[in-house]
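The primary structure of each chain is shown beneath.
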Amino acid sequence: MINSDERAEMQMNPGARIVLLGRQGAGKGTQCVRLSRHYVVPHISTGDMLRAAVREGTELGKMAKAVIDAGQLVSDEIMVGIVAERLQADDASTRGYILDGFPRTVAQAIALDEITQDQPVGMAIDLVVPRELVLSRLSARRVCRDCGANYQSTGVDPSPWICENCGGDVVQRDDDTPQAINNRLDLYETQTQPLIDYYGQSGRMFHVDGVGSPDDVFDRLTKVVEGQI
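A brief structural summary.

Scoring rules and cut-offs
- Within every chain, residues take consecutive numbers counted from 1 along the sequence as written.
- Only residues with pLDDT of at least 70 get local features here, since the model is predicted, and only at 80 or more are side-chain atom pairs given and counted; chain-wide, interface and lining totals rely on the full set of residues.
- Here the side-chain values reflect all heavy atoms present in the structure, with hydrogen atoms and water set aside.
- When the centres of two rings from Phe, Tyr and Trp lie within 6.5 Å, Trp using its six-membered ring, the rings pair. Their planes under 30 degrees apart give stacked, over 60 give edge-to-face, and anything left gives tilted.
- Only lysine NZ and arginine CZ atoms are considered, and such an atom sits over a ring when it is within 6 Å of the ring centre and within 35 degrees of the ring normal.
- Any residue with an atom within 4 Å of a point lines the site, the site being either a cavity, points on a 1 Å grid over the protein atoms alone where a 1.4 Å probe fits but cannot get out, or a pocket, an open set with protein on both sides within 12 Å along at least 5 of 7 lines.
- Grid points are joined across faces, edges and corners, and a volume is the space filled by probe spheres set on the points.
- Strands are runs of DSSP state E lasting at least 2 residues, helices are runs of H or I lasting at least 4, and numbering of each runs from the N terminus.
- Only strands joined by at least two bridges in the DSSP assignment are considered to pair.
- Whether two residues are in contact is decided by their heavy atoms: any pair within 4.5 Å suffices.
- Between N-to-C directions, angles cover 0 to 180 degrees, with each direction set by a line fitted to C-alpha atoms, over the stretch in contact for helices.
- Categorising residues by exposure relies on relative accessible area from a 1.4 Å probe, with only protein chains included: less than 20% of the type maximum marks a residue as buried, more than 50% marks it as exposed, and the intermediate range marks it as partly exposed.
- The charge count includes Lys and Arg as positive and Asp and Glu as negative, but it does not include His or the ends of the chains.
- By definition, a salt bridge exists where a carboxyl oxygen of Asp or Glu is found within 4 Å of a side-chain nitrogen of Lys or Arg.
- Under the rule applied, a polar contact is a pair of N or O atoms within 3.5 Å (in protein, one hydrogen donor and one hydrogen acceptor; residues adjacent in sequence only if both atoms are side-chain atoms).

1. Quick notes on the packing of aromatic side chains
Two numbers describe a pair of aromatic rings. These are the distance of the centres and the angle of the planes.
Step number 1: Inspection of every chain in the model, using the stated rule, returns two aromatic pairs.
Step number 2: Lying across the ring of phenylalanine 218, arginine 34 places its NZ or CZ 4.6 Å from the centre.

What follows is the structure, encoded as structure tokens:
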């Protein structure tokens, strides 16, 4: 059900179809949630979808876990299939979506453009945060095993660490070790960076400074989006 606040936002905002890019740990998840609420479109996080499959022990989850734990990226074929199915849902096929974690490669971007021919991606935004900063953020990140809530380790953490939201165990993800993080960042540089050129060729690429408070970053993002819709 759409509440009154969401209905008001829908009247004020026409919706949006956005791909949000950026290094892991750049704050994409936080900003995607805010953009989703602001434009009243679904936040589609392929990472969340994969982690749910891992928790549920599905065939896809078992395949994905081995890849994620090694700091690698799931195959294009699997990811394109997941996203194609999700974009057919009513909430994504009407007003739009915020894509978080997809596409990661030019091949995925081409496939996405084919999937969305009738309602194409309007813009891609690169949330720019230096590698050194995201490495520090991810090394200190802790997550609730049950609900996925994020926390930051200070070095003096409770033991056991219990989630304030649901009471689940707060742990370090298997893919948040320094070696796995560096593997992911290297893969981003070599495989995902060319997306900037791909979207730039069609005039859909924009860069936004991702350093600062969440409010400041959100203001920069909405100014860029509203300049295009």
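2. Details of empty space enclosed by the protein
Step number 1: Counting across every chain of the model gives one cavity of 30 Å³ or more.
Step number 2: Within this model, the largest cavity holds a volume of roughly 70 Å³.
Step number 3: Looking at the largest cavity, the residues that line it are Leu20, Leu21, Gly22, Lys28, Gly101, Phe102, Pro103, Arg104, Tyr188 and Thr192.
Step number 4: Secondary structure elements with two or more residues in the lining of the largest cavity: β1 (17–21) and α9 (178–192).

3. Observations concerning the sheet that holds strand β6 (residues 150–152)
Step number 1: Overall, antiparallel pairing links the three strands, which are arranged β6-β5-β7 in an open sheet. On the outer flanks of this sheet lie β6 and β7 (170–171), each paired with one strand and no other.
Step number 2: Bridge analysis of strand β5 (residues 141–144) against β7 gives two bridges, and the strand direction is antiparallel. When the sheet's bridge partners are listed, cysteine 144 is paired in β7 with valine 170.
Step number 3: In this fold helix α8 (residues 131–140) packs onto β5 and β6, with an angle of close to 40 degrees to the strand it touches most, β5.

4. Let's talk about the side chain of aspartate 100
Step number 1: With respect to the helices and strands, the residue aspartate 100 is situated in strand β3 (residues 97–100).
Step number 2: Within the buried set, aspartate 100 has no salt-bridge partner at all; the shortest N-O distance to an opposite charge, 4.8 Å, is to lysine 28.
Step number 3: Only 3.0 Å separates the side chain of aspartate 100 from the side chain of histidine 43, close enough to count as a polar contact.
Step number 4: Setting aside residues up to four positions removed in sequence, aspartate 100 forms contacts with Lys28, Gly29, Cys32, His43, Ile44, Ser45 and Thr46.

5. Here we look at the sheet that holds strand β4 (residues 123–128)
Step number 1: The strand order across the open sheet formed by five strands is β2-β3-β1-β4-β8, and the pairing between neighbours is parallel. Of all strands in the sheet, those with a lone pairing partner are β2 (43–45) and β8 (205–209), marking the two edges. Taken over all neighbouring pairs, the strand axes of this sheet differ in orientation by 25 degrees on average, direction set aside.
Step number 2: Direction of pairing for β1 relative to β3: parallel, over a ladder of four bridges. Of the residues in β3, the one forming a bridge with valine 19 is leucine 99.

6. A word on unusual backbone geometry
Glycine aside, negative phi is the norm for most residues, and most peptide bonds take the trans geometry.
Step number 1: Going from phenylalanine 102 to proline 103, the amide bond is cis rather than trans, its omega being 0 degrees.
Step number 2: Position of proline 103 among the secondary structure elements: in the loop between β3 and α7 (106–115).
Step number 3: Proline 160 follows serine 159 through a cis peptide bond whose omega is 0 degrees.
Step number 4: By the element assignment, proline 160 lies in the loop between β6 and β7.
Step number 5: The backbone of valine 40 sits at a positive phi, close to 55 degrees, despite the residue not being glycine.
Step number 6: Residue placement: valine 40 occurs in the loop between α2 (28–39) and β2.

7. Focus: the pattern of salt bridges
Step number 1: Applying the stated rule across the entire model yields twelve salt bridges.
Step number 2: When the shortest N-O distance is used, the salt bridge between glutamate 189 and arginine 23 registers 2.8 Å. Pair noted here: glutamate 189 is in helix α9 and arginine 23 is in the loop between β1 and α2, with a separation of 166 residues, a long-range link.
Step number 3: The partner of arginine 141 in a salt bridge is aspartate 176, with the nearest N and O atoms 2.9 Å apart. Here the residue arginine 141 occupies a position in strand β5, and aspartate 176 occupies one in the loop between β7 and α9, the gap between them amounting to 35 residues.
Step number 4: For arginine 141, a relative accessible area of 15% translates into the label buried.
Step number 5: What you see here is one network of salt bridges that share partners, running through Arg141, Arg173, Asp175, Asp176 and Arg184.

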